[in-house]
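# Fold and geometry: a report
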Amino acid sequence: MLQCIFLLSDSGEVMLEKQLTGHRVDRSICDWFWDHVISQGDSLKSQPVIASPTHYLFQVVREGITFLACTQVEMPPLMGIEFLCRVSDVLSDYLGGLNEDVIKDNFVIVYELLDEMIDNGFPLTTEPNILREMIAPPNIVSKVLSVVTGNSSNVSDTLPGATGSCIPWRAADPKYANNEVYVDLVEEMDAVINRDGVLVKCEVYGEVRVNSHLSGLPDLTLSFANPSILDDVRFHPCVRFRPWESHQILSFVPPDGEFKLMSYRVKKLKSTPIYVKPQLSSDAGKCRVNVLVGIRNDHGKTIDSITLQFQLPPCILSADLTSNTGTVNILGNKTCSWSIGRIPKDKTPSLSGTLVLESELERLHVFPTFRVGFKIMGVALSGLQIDKLDLKTAPSRLYKGFRALTRAGEFEVRS
Amino acid sequence: MAPPAQSQRSQSPSQPSGKSEVSDLKLQLRQLAGSRAPGVDDSKRELFKKVISYMTIGIDVSSLFGEMVMCSATSDIVLKKMCYLYVGNYAKVNPDLALLTINFLQRDCHDQDPMIRGLALRSLCSLRVANLVEYLVGPLGSGLKDSNSYVRMVAVIGVLKLYHISASTCVDADFPSTLKHLMLNDSDTQVVANCLSALQEIWSAEASTSEEASREREALISKLVIYYLLNRIKEFSEWAQCLVLELVTKYVPSESSEIFDIMNLLEDRLQHANGAVVLATVKVFLQLTLSMTDVHQQVYERIKAPLLTLVSSGSPEQSYAVLSHLHLLVMRAPYVFSSDYKHFYCQYNEPSYVKRLKLEMLTAVANESNTYEIVTELCEYAANVDIPIARESIRAVGKIALQQYDVNAIVDRLLQFLEMEKDYVTAEALVLVKDLLRKYPQWSHDCIAVVGNISSKNVQEPKAKAALIWMLGEYSQDMQDAPYILESLVENWDEEHSAEVRLHLLTAVMKCFFKRPPETQSALGAALAAGVADFHQDVHDRALFYYRILRYNVSVAERVVNPPKQAVSVFADTQSSEIKDRIFDEFNSLSVLYQKPSYMFTDKEHRGPLEFADEIGNLSIGEATDNVVSSQRVEENDKDLLLTTAEKEETRAGHSQQASFGIDDLLGLGMPAVPNVPSPPQLKLNTKAALDPSTFQQKWRQLPIALSQELLLSPQAVAALTAPQALLRHMQSHSIHCIASGGQSPNFKFFFFAQKYEESSNYLVECIINTSSGKAQVKIKAEDQSTSQAFSTLFESALSKFGTP
């Protein structure tokens with residue numbers, strides 16, 4: 001089980017230390033860790049689970065903050081990693097973002113939260129709803145409230161009701177004047193297009209996000225028009241398994257506020273919304289680059305924020321690239337980024353120019369990979385469609401809203 | 001708190017240097033201590049915050065202990081929390097001062113607010129000062145009976161903390177049995193889960209000294225408890241579910257219908273949003289079905305999709321942990337994943353440790369139907385910016401080529417690599433072509449044509465150079481200018497730094513000489529002369545040896561140096577299958593991420609909950625004897641696969657406190673708590689006998705053979721003996737323990753020992769079983785010779801019951 005949790009700043013300074021068991025972990029472990037990270041070049045490059053001479057370390061890096069946990073016993077690795085991810089989620093939720101200052105300003109709250117999230121090295125509760133009832137977030141509302149009422153404590157006097165209930169994710173009995181529930185389909189398309197222009201892999205990872213503000217104990221059912229296209233699904237604990245198993249219907253009592261109801265995967269898609277055609281030809285120490293971008297399938301929705309990024313190979317001395325649409329930037333680390341935005345009606349965006357190779361090189365041997373970004377509002381590219389959302393014992397005024405969004409995930413075009 | 005050295009590090013000019021600020025704080029706190037003025041809590045809070053922030057950045061503020069405690073008489077819960085935090089941090093170094101805090105903490109334990117009761121109790125137990133334990137028992141006792149589940153939950157963990165401070169106090173207060181009662185009856189699942197985790201830890205630690213505790217520990221994995229927990233599994237928090245699932249993996253169902261019931265019940269856990277739950281469930285499924293081959297296959301099919309989704313959905317850290325587990329499964333059952341190979345394609349942005357895992361998986365899942373696409377994909381990585389990955393990809397192509405029957409297309413790709421004019425690509429490809437030729441000599445014609453075009457000057461890496469030279473020697477009759485290339489290499493002998501290359505060069509020149517003597521003679525002379533003068537011992541010796549054997553007889557030399565070779569059919573695997581099996585047994589643990597079983601990287605004292613006695617049975621027959629004789633050596637050499645029983649005994653006795661909730665019972669894995677010993681009345685055996693291998697070995701040498709006999713095994717017994725483990729468990733239930741075992745069907749070898757009840761008289765047994773003949777050779781040695789016959793009867797009867805239900 002976890003013995004200690006440290007929060008480190010982006011310069012390796014220990015911002016917070018929480019000992020969890022009787023086996024005190026000396027701070028010097030952080031120095032070892034930081035040296036290790038530096039030797040790896042970058043904290044993102046070092047493995048999430050490392051063996052130090054004395055401890056096994058789990059690390060999760062979020063917004064420059066390293067969450068480091070130590071243990072000396074065998075334990076399920078995902079338990080350590082998942083827990084740290086939750087800690088970072090909860091903290092960023094509580095503090096409205098993560099950075100060094102916000103953690104230093106609110107370290108008492110961080111201690112309080114950790115105290116309730118883990119005891120003796122074993123995770124207790126990481127449900128934001130329950131934590132919120134035990135420890136009030138330091139937001140403006142509660143600050144104002146404390147000034148007005150004169151009660152400066154940021155801890156509620158009562159214990160959360162939900163700790164005892166069998167719906168641990170739901171706060172006890174919220175009341176709303178306007179009952180609203182919003183369902184968002186958010187999809188990310190991962191695709192790989194190889195050197196010959198063949199689509200080798202194309203799949204969508206999607207999430208159903210729900211934002212619910214409903215009074216009492218609402219019982220919702222959500223169904224899809226075409227659930228059979230889903231390859232694999234994962235659910236929030238609130239989803240009942242049987243109705244899904246028998247009829248592919250999501251039946252659940254939602255947590256209050258925003259949450260991820262379900263995630264899914266749709267494999268083996270046949271096409272991508274846009275195409276990217278890179279051409280590189282090298283001759284006598286120079287390489288001609290020409291990249292075309294265009295819309296392949298018209299979904300009837302505009303494709304927004306199209307970007308293209310690629311790393312220039314190290315053997316390139318200089319690059320001269322221009323485009324007919326959007327802007328091209330070459331950053332210090334030889335990353336070239338071309339932001340196109342929307343594709344204009346009258347022309348096909350193209351990027352062209354020459355790369356100058358190192359003196360002894362005739363031809364380019366290492367080819368860049370183009371990473372594509374885009375966003376399409378109003379459509380889920382997997383084709384998944386929501387059929388209907390019902391509420392048992394619907395209140396008099398209920399507003400239901402649906403949205404869909406697809407963006408590029410790991411969308412790569414090799415040249 | 002942090003040692004002074006650390007505190008200096010964090011002192012930037014803007015931060016307080018420590019001393020003066022601390023004494024300043026001291027003064028201010030003292031002023032506030034007695035004050036009851038309005039708003040005093042706010043100013044206290046500011047001060048407390050400062051103290052805690054100093055503490056956090058590593059300044060020693062322990063000198064404020066007295067003042068902090070004085071100020072802690074307050075109703076403000078945030079102040080209380082900060083004070084608890086402070087006290088918890090410094091109590092251990094200031095045990096005398098800690099006594100001061102006991103009073104107010106005890107008072108808070110009776111507060112009206114359950115939150116304060118809980119927090120106070122948690123802090124009280126976190127003081128961890130040994131001479132204060134007497135003050136803990138009362139509050140803990142009432143905490144366990146508290147009407148609020150939050151307080152009970154804290155109290156349960158408090159009991160565990162107390163146990164670690166003073167085990168005897170905890171046991172004397174009868175807390176374990178209270179916890180057991182709570183576990184089976186409490187309405188709050190978090191309380192139940194905490195009880196489970198506390199009891200596992202306490203009973204595992206106690207089991208080495210108390211028979212009752214080890215019985216209780218066994219009872220945790222009894223049908224009653226397991227079913228009770230499983231039936232409530234959906235009520236548990238996700239983390240508690242992991243705990244329960246981990247326990248379930250240790251449960252041995254009595255019949256197969258139970259296995260299906262459990263799997264049906266847990267199936268939806270595979271769809272849980274928390275990856276830790278999914279992985280724990282996967283482990284349960286895999287462990288339950290280990291002995292049912294068909295179902296085990298279906299389980300792989302079932303868990304495939306959830307695992308693949310986990311990889312693509314989580315953060316990079318989570319993906320990596322899942323991918324490591326997937327890697328393990330892919331290596332075990334590549335064919336199950338062969339249609340999902342696209343999931344193992346590398347993405348540009350992935351860190352190289354992830355890419356490396358994926359490359360290995362791609363290599364493993366390649367089969368007739370997907371090889372073309374996989375190799376095409378891998379070839380694209382060869383032009384990757386990340387050079388180490390590019391190299392690995394080429395190696396992966398080579399590995400695939402070596403495991404395929406139809407290598408036609410792959411050879412072309414490899415030859416294309418050679419023409420890519422990229423030095424590292426050429427180097428890797430050369431090594432591969434060499435391996436390929438060793439396995440498929442029929443391809444030599446195509447390969448040699450391309451290899452012949454490579455200028456040896458462009459090849460610098462020793463391994464690649466050695467490969468090229470080997471080919472020059474081996475195929476010198478097909479390569480027009482082989483002798484001349486070799487000659488020029490010999491001329492540059494002094495510039496060649498790698499001894500490996502020089503060795504290869506010597507041999508290649510020899511081979512070339514046998515095939516084309518007139519052209520090579522001068523090069524051979526130069527090479528031998530340079531070799532004999534070489535400062536490297538091996539090169540020198542080889543050159544001298546060649547020289548002498550040539551002088552003796554040239555045709556003998558040819559037979560020695562260049563005999564007709566057989567194609568290599570299988571290249572040796574780097575990791576033994578036993579180690580892989582062992583890592584599999586430790587599924588869902590760090591072992592999988594490190595790709596080593598835990599004994600290879602975890603300190604003995606920290607070995608986790610995943611040790612199984614039957615895993616010592618992984619050695620071959622030959623080693624079995626060897627092991628017993630040289631167990632001393634084995635113990636020193638922790639790298640050895642063999643984990644001796646002695647080490648485990650040590651682990652349990654010495655460090656079981658840290659060993660968390662291990663149910664690593666050596667003596668009765670999955671067996672009923674009290675084995676019904678069907679022994680004749682005159683001889684009773686000690687059910688908990690212990691003997692370490694070195695003593696066993698010593699005694700085995702000293703004692704004469706008391707009895708030697710051949711027993712016939714029943715057909716059922718033969719059928720049941722598929723692996724040594726099966727018999728071990730059976731014999732354990734008859735109080736006959738195994739100290740070493742090994743072998744593979746049909747030959748097994750075991751060393752058993754047993755101890756007379758309430759006497760330290762030992763019986764040692766060597767038992768060799770041949771399942772094909774159904775015979776067992778038994779040699780018995782006894783310290784008490786008079787009872788050896790009785791023991792023999794007992795052993796025989798125990799053995800005869802093996803395999804009968």
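Residues numbered from 1 in each chain as written. Chains lettered and ligands numbered in written order. Predicted model: local features only at pLDDT ≥ 70, side-chain atom pairs only at ≥ 80, totals over all residues. Heavy atoms only, no water.

An unreviewed UniProt entry lists chain B under the name Beta-adaptin-like protein, from Hibiscus sabdariffa. Regarding chain B, the relevant UniProt record gives this comment under Sequence similarities (unreviewed entry): "Belongs to the adaptor complexes large subunit family." Listed in UniProt under the heading Subcellular location (unreviewed entry), the comment for chain B reads: "Endomembrane system". (UniProt positions renumbered as here; feature names shortened; annotations may be inferred.)

An unreviewed UniProt entry lists chain A under the name MHD domain-containing protein, with Hibiscus sabdariffa given as the organism. A UniProt comment under Subcellular location (unreviewed entry) is attached to chain A, and it reads "Endomembrane system". Listed under Sequence similarities (unreviewed entry) in UniProt, the entry text for chain A is "Belongs to the adaptor complexes medium subunit family."

Okay, empty space enclosed by the protein next. All chains considered together, the criterion is met by 13 cavities of 30 Å³ or more. Estimates place the volume of the largest cavity at around 560 Å³. Along the walls of the largest cavity sit 30 residues, with A:Lys18, A:Gln19, B:Leu85, B:Gly88 and B:Ser126 positioned nearest its centre. At the level of secondary structure, the elements contributing two or more residues to the lining of the largest cavity comprise β2 (14-19), α4 (107-117) and β6 (118-119) of chain A together with α3 (40-57), α5 (77-90) and α7 (114-126) of chain B. By residue number, the principal contributor to the lining of the largest cavity is α5(B), which donates six residues. Each residue belonging to the lining of the largest cavity can be placed in one class, and the counts come to eleven nonpolar, eight polar and eleven charged. Size it by volume and the second largest cavity reaches roughly 160 Å³. Residue assignment for the lining of the second largest cavity shows that the elements contributing at least two residues are β23 (398-414) of chain A together with α22 (371-381) of chain B. Counted by class, the lining of the second largest cavity contains eight nonpolar, four polar and five charged residues. (1 Å grid on protein atoms, 1.4 Å probe; cavity = no way out; pocket = protein on both sides within 12 Å on 5 of 7 lines; lining within 4 Å. Points joined across faces, edges and corners; volume = space filled by probe spheres on them. Helix = DSSP H or I, 4+ residues; strand = E, 2+ residues; numbered from the N terminus. Nonpolar A, V, L, I, M, F, W, Y, C, P; charged D, E, K, R; others polar.)

On to the side chain of B:Gln241. Residue and element names in this part refer to chain B. With respect to the secondary-structure elements, Gln-241 resides in helix α15 (residues 238-248). On the accessibility criterion, Gln-241 (2% relative accessible area) is buried. In this structure Gln-241 touches Ile-233, Lys-234, Phe-236, Arg-269, His-272 and Val-277, once residues within four positions along its chain are discounted. (Buried < 20%, exposed > 50% of the residue type's maximum accessible area, 1.4 Å probe, protein only. Contact = heavy atoms within 4.5 Å.)

A word on the sheet that holds strand β4 (residues 56-62) of chain A. Residues and elements named next belong to chain A. Within the open sheet, the five strands sit side by side as β2-β1-β5-β4-β3. Their pairing is antiparallel. Edge strands, defined here as strands with exactly one partner in the open sheet, are β2 and β3 (49-51). Sheet twist, expressed as the mean angle between neighbouring strand axes with direction ignored, is 20 degrees. By the bridge criterion, five bridges tie strand β1 (residues 4-8) to strand β5 (residues 65-71) in an arrangement that is antiparallel. In the strand pairing of β5, Phe-6 is matched with Leu-68. (Pairing = 2+ DSSP bridges. Axes fitted to C-alpha atoms, helices over the stretch in contact; angles between N-to-C directions.)

All names here are of chain A. Direction of pairing for strand β14 (residues 274-283) relative to strand β15 (residues 286-295): antiparallel, over a ladder of ten bridges. From the neighbouring strand, Leu-280 faces β15, where its bridge partner is Val-289. Where β14 hands over to β15, the hairpin turn is made up of two residues, of which Ala-284 adopts a positive phi near 50 degrees. Alignment of β15 against strand β20 (residues 350-357), held across seven bridges, turns out to be antiparallel.

Before going further, it helps to spend a moment on the environment of A:Gly197. Residue and element names in this part refer to chain A. Relative to the assigned elements, Gly-197 resides in the loop between β8 (179-193) and β9 (199-213). Classification of Gly-197 by relative accessible area gives exposed; the value is 54%. For the pair Gly-197 and Lys-270, spaced 73 residues apart in sequence, the C-alpha to C-alpha distance is 13 Å.

Here we take up the packing of helix α14 (residues 223-231) of chain B against helix α16 (residues 256-266) of chain B. Residues and elements named next belong to chain B. Orientation of α14 relative to α16, taken along the N-to-C sense of each, is 25 degrees, at an axis distance of 11 Å. Classified by the interaxial angle, the pair formed by α14 and α16 is roughly parallel. Relative to α16, α14 is oriented so that their crossing is left-handed. Mapping the contact onto sequence places Lys-223, Tyr-227, Leu-230 and Asn-231 in α14 and Glu-258, Ile-262, Leu-265 and Leu-266 in α16. (Parallel < 35°, antiparallel > 145°, perpendicular 65-115°, else oblique. Left-handed = near helix turned anticlockwise from the far one by under 90°.)

Moving on, we come to the packing of helix α30 (residues 517-532) of chain B against helix α31 (residues 537-552) of chain B. Residue and element names in this part refer to chain B. Packing of α30 against α31 brings their axes to within 7 Å, and their N-to-C directions diverge by 135 degrees. Overall, the two elements α30 and α31 adopt an arrangement that is oblique. Remark: the crossing between α30 and α31 carries left-handed chirality. Between α30, through Leu-524, Leu-528, Gly-531 and Val-532, and α31, the contact on the second element is made entirely by Val-539, His-540, Ala-543, Leu-544, Tyr-546, Tyr-547 and Leu-550. Its residues assigned to classes, the contact of α30 with α31 comprises nine nonpolar, two polar and no charged.

How big an interface is tends to be stated in terms of the accessible area lost upon association of its parts. Between chain B and chain A, the residue contacts involve 108 residues of the former and 98 residues of the latter. Taken together, the two surfaces of chain B and chain A that pack against each other cover about 8900 Å², and 54% of this comes from carbon and sulfur. Per-residue buried area on chain B facing chain A is highest for B:Trp239, B:Gln271 and B:Tyr348; these three make up 9% of the total on that side. Where A:Glu112 meets B:Lys81, a salt bridge forms, and the shortest distance between an N and an O atom there is 3.0 Å. (Buried area = accessible area lost by both parts, 1.4 Å probe. Salt bridge = Lys/Arg side-chain N within 4 Å of Asp/Glu carboxyl O.)

With that out of the way, let us pick up the sheet that holds strand β22 (residues 386-391) of chain A. Residue and element names in this part refer to chain A. Overall, antiparallel pairing links the three strands, which are arranged β12-β10-β22 in an open sheet. The sheet is open, and its two borders are formed by β12 (249-252) and β22, each paired with just one other strand. Direction aside, the axes of adjacent strands within the sheet are offset by 15 degrees on average. In the sheet, strand β10 (residues 220-224) pairs with β12 via four bridges, with the strands oriented antiparallel. Paired with Ser-223 across the bridge in β12 is Ile-249.

Among all positions of helix α24 (residues 408-418) of chain B, only B:Ile410, B:Val411, B:Arg413, B:Leu414, B:Leu415, B:Phe417 and B:Leu418 are buried. The secondary structure elements touched by the buried residues of α24(B) are α22, α23 (387-403), α25 (423-439) and α26 (444-451) of chain B.

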